Amino acid sequence: MAKDDGKRERFGLFGQVTNLTVNLSKAAVTNLATRAGGLTLRIGTTFILSQAQLRLFSPEQRAWMQRAGAAIQDARAAAGMSVDDLAAALDMEDKTVLKAMEQGSATVSFELILRLTSLLARNDPIPFLISLVRGFNPRLWALLEDWGIGRLPTMIERDRKWMNIYRGNDAARQLSEADFDHAMAFCRSALEMAVQFKTNSEPQPGETDQDAPPG
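Now for a description of the structure that goes with this document. Here the structure is a predicted model, which is why all the values come from computation and not from measurement.

Attention shifts here to the overall build of the chain. Summing up its helical and strand segments, the chain has 12 helices and 2 strands in all. Taken from N to C terminus, the helices and strands of the chain fall in the order α-α-β-α-α-α-α-β-α-α-α-α-α-α. Taking the contacts inside the chain whose residues are at least 6 apart along the sequence as the reference set, 59% of them involve residues at least 24 apart.

Right, dumping it as structure tokens:
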């Protein structure tokens, strides 16, 4: 029963996103298609791209496809799964779609992205989900950018860098609460000073690089 509820929830969300695309004005759809790389795609479409079709995408988009494919391959390997295993877990008869995704040469439906994320990234789903949407569903990503969500990957990556600094410092994890709070206060002060210095060193509107403070 829980499995059926999960399916209904996924397809319900998928339907909402698809319906949103269908209800967009013709001008908006044309604009989104152009921004996505010139290839008109429905959010619910999954297909393997030929080399000619890949060339219709911008170099930046093709690079994101490669990164998303590497993310799937890494997550699959970390889970100890072959492509056949992954296809079976996803109840997919045709594994060539998965192979094409890992090679960065496919566009996929949001529903498939959700299923892959729930299977391969249960412990940390958001970065994985965003990576796959950014790489394999450029139409949906263009919508997310219009909604102001496009900065999420950058913000998540910045949070990861902060956490990695702490995780990579054994001495910091051994600090007492008082000493840790003191260290955090120092880090906060240092960050604020660095941001202020960077802000003050950048040219202001109407100011040339020669007029800006030395930096």
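Read on, since the account is not over.
Before going further, it helps to examine the packing of helix 7 (residues 110–120) against helix 8 (residues 125–136). Describing two packed helices takes the angle between their axes plus the distance from one axis to the other. Contact geometry of helix 7 with helix 8 gives a least axis separation of 10 Å together with a crossing angle of 150 degrees. In the crossing of helix 7 with helix 8, the sense of the turn from one axis to the other is right-handed. Residues Phe 110, Ile 113, Leu 114, Leu 116, Thr 117 and Leu 120 of helix 7 form the contact with helix 8, whose own contacting residues are Pro 125, Phe 128, Leu 129, Leu 132 and Val 133.

Further remarks concern helix 4 (residues 59–78). The end-to-end C-alpha distance of helix 4 is 29 Å, a good match for the 28 Å that 20 residues give at a rise of 1.5 Å each. By the burial criterion, the buried members of helix 4 are Gln 61, Met 65, Ala 68, Gly 69, Ile 72, Ala 75 and Arg 76. In a view along the axis of helix 4, the buried residues occupy a sector of 130 degrees, so they form one face of it. Opposite the packed face of helix 4, turned more than 90 degrees from it, sit the exposed residues Pro 59, Glu 60, Asp 74, Ala 77 and Ala 78. Of the residues flanking the end of helix 4, it is Gly 80, one or two places downstream, whose phi is positive at about 70 degrees.

Parameters at a glance
Residues numbered from 1 in each chain as written. Predicted model: local features only at pLDDT ≥ 70, side-chain atom pairs only at ≥ 80, totals over all residues. Heavy atoms only, no water. Helix = DSSP H or I, 4+ residues; strand = E, 2+ residues; numbered from the N terminus. Contact = heavy atoms within 4.5 Å. Axes fitted to C-alpha atoms, helices over the stretch in contact; angles between N-to-C directions. Left-handed = near helix turned anticlockwise from the far one by under 90°. Expected span 1.5 Å × (residues − 1). Buried < 20%, exposed > 50% of the residue type's maximum accessible area, 1.4 Å probe, protein only. Arc of directions from axis to C-beta.

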